[in-house]
Amino acid sequence: MELNYNRVELRGVAEDAPLLSHVNHGCAFYRFTLSVLRLSGQADKLPVIVPRPLLLLTPVSPGDGVHITGQLRSFNNKSGQGSRLVISVFARVLTEAEEDDDCNEIQLQGVLCKPPVLRRTPLGRCICDMMLAVNRRYGRADYLPCIAWGQVAVLTGRLDTGSPLALEGRVQSRIYTKIVDGQPQERTAYEVSVMQLLDDEETELI
C-alpha cells in the first residue's frame with residue numbers, strides 16, 4: 001500500500017435527496033446522507049459529497065440503494081457553527097446498488113499527527129483514539145479520527161506522533177451530547193472504527 005492511501009466503499013440506502021453543498025472551480029457538489037446497516041442492525045448515517053456530473057449519470061432519491069467508492073475527507077469549519085472538523089465521504093464513483101447486502105469498508109495509510117490516547121472502559125476493555133493525517137494532491141491533507149479496540153488498541157497506543165500507520169475498518173457515526181451555553185445539544189461524530197492493521201503488502205500485522 002502506498003504511503004498516503006485513502007479508499008472507501010459504501011453500499012446502503014439514501015436517507016434524503018441531494019442538496020447543493022458548495023461550488024468549487026465551477027463544479028457544483030451535492031450532499032446527502034447514506035444509511036449503512038451494521039451486522040448488529042444499527043445503521044451508520046454517513047454524509048456523502050457528490051459532484052454534479054455523477055448525479056446526472058445516476059440520480060439519487062430517498063430510499064434508493066446506492067453504491068459508492070471514493071475517499072474519506074476532512075474540512076476545517078471556521079464558521080464557529082457545529083464541529084470544527086467536518087468529516088464526509090467524497091464520492092468518485094456513484095452507481096445503483098446491484099446487491100442487497102450493505103457494505104462499509106475503508107483502507108487508509110498515513111501518519112499519526114497527534115499522540116494516540118489509550119484508555120480503558122469501566123469493564124476494562126482497551127480503547128485507543130488516534131488522528132491520522134493522509135496527504136492528497138495540491139499540498140492538502142485529510143485529518144481523520146480513528147478508534148481501535150482490544151489488542152489493536154494496545155498496539156496503536158504504543159506508537160508516537162509521526163509514525164506511519166496502515167489500517168482497514170469501517171466509517172461509523174456516533175451521537176453524543178455537548179453542553180452549549182448551559183444547554184445540551186445532540187451532535188453526531190464520524191470516525192473510522194479500526195478492524196485490523198496492515199503492513200506495506202496489505203497483510204495483517206496481528
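Being a predicted model, the structure only gives us computed values, none of them experimental. (Residues numbered from 1 in each chain as written. Predicted model: local features only at pLDDT ≥ 70, side-chain atom pairs only at ≥ 80, totals over all residues. Heavy atoms only, no water.)

Caption draft 1: Geometry of the nonpolar core. Counting 39 residues, the largest nonpolar core has I68, L72 and L167 as the members making the most contacts within it. Considering every element that reaches this core, the biggest residue donor is strand β9 (residues 126-135), with 5 residues. Leaving out residues up to four positions away in the same chain, L72 has contacts with N6, V8, I87, S88, V89, I106, D142, L144, V171 and V192. (Core = buried A, V, L, I, M, F, W, Y, C linked by side-chain atoms within 4.5 Å. Buried < 20%, exposed > 50% of the residue type's maximum accessible area, 1.4 Å probe, protein only. Helix = DSSP H or I, 4+ residues; strand = E, 2+ residues; numbered from the N terminus. Contact = heavy atoms within 4.5 Å.)

Caption draft 2: Region of the structure containing the confidence of the model for the protein. Looking at the protein as a whole, the pLDDT averages 91, with 93% of positions reaching at least 70. In the predicted structure, residues 202-206 sits below a pLDDT of 50 and forms 11 contacts with residues beyond four places in sequence or in another chain. (pLDDT = per-residue confidence, 0-100.)

Caption draft 3: Seen up close, the packing of aromatic side chains. Under the criterion given, the structure shown has 1 aromatic pair. Each ring, one from F29 and one from F90, has its centre 6.1 Å from the other, and the planes form 45°; the classification is tilted. Within this pair, whereas F29 is found in strand β3 (residues 27-37), its partner F90 is found in strand β6 (residues 85-96), the two being separated by 61 residues in sequence. By relative accessible area, which is 15% here, F90 ends up buried. One residue, R73, lies across the ring of F90, its end atom 4.4 Å from the ring centre. (Phe/Tyr/Trp six-rings, centres within 6.5 Å; stacked < 30°, edge-to-face > 60°. Lys NZ or Arg CZ within 6 Å of the ring centre and 35° of its normal.)

Caption draft 4: Layout of helix α2 (residues 150-157). Buried within α2 we find V152, A153, V154 and T156. Contacts from the buried residues of α2 go to β8 (117-120), β9, β10 (141-149), β11 (164-180) and β12 (183-198).

Caption draft 5: Quick peek at the pattern of salt bridges. Enumeration over the complete set of coordinates arrives at 8 salt bridges. The partner of D44 in a salt bridge is R38, with the nearest N and O atoms 2.7 Å apart. Measuring nitrogen to oxygen at the nearest pair gives 2.8 Å for the salt bridge that ties R136 to D142. Taken together, the salt bridges that share partners define one network made up of R38, D44 and R170. (Salt bridge = Lys/Arg side-chain N within 4 Å of Asp/Glu carboxyl O.)

Caption draft 6: Spatial organisation of the side chain of D44. Looking at where D44 falls in the secondary structure, it is placed in strand β4 (residues 43-51). With relative accessibility at 1%, the residue D44 sits in the buried group. Among the polar contacts made by the side chain of D44, one reaches the side chain of R170 at a distance of 3.4 Å. One polar contact links the side chain of D44 to the main-chain amide nitrogen of S173, over a distance of 2.9 Å. Apart from the residues lying within four places of it in its own chain, the contact partners of D44 are L34, S35, V36, R38, N104, R170, V171, Q172 and S173. (Polar contact = N/O pair within 3.5 Å; in protein donor to acceptor, adjacent residues only side chain to side chain.)

Caption draft 7: Examining the pairing of β3 more closely. Taken together, the 2 bridges between strand β1 (residues 5-14) and β3 define a ladder with antiparallel strand orientation. Looking at β3, one finds that V13 is bridged to S35. When strand β2 (residues 19-24) meets β3, the two strands line up antiparallel, connected through 5 bridges. If you follow L20 over to β3, its bridge partner there is Y30. Linking two consecutive strands that pair antiparallel, namely β2 and β3, is a turn of 2 residues; a positive phi of about 50° is found at H25 within it. Across 9 bridges, the pairing between β3 and β4 is antiparallel. Within β4, the residue paired with T33 across the bridge is P47. Counting the residues in the hairpin turn of β3 and β4 gives 5 residues, including G41, whose phi is positive at 95°. (Pairing = 2+ DSSP bridges.)

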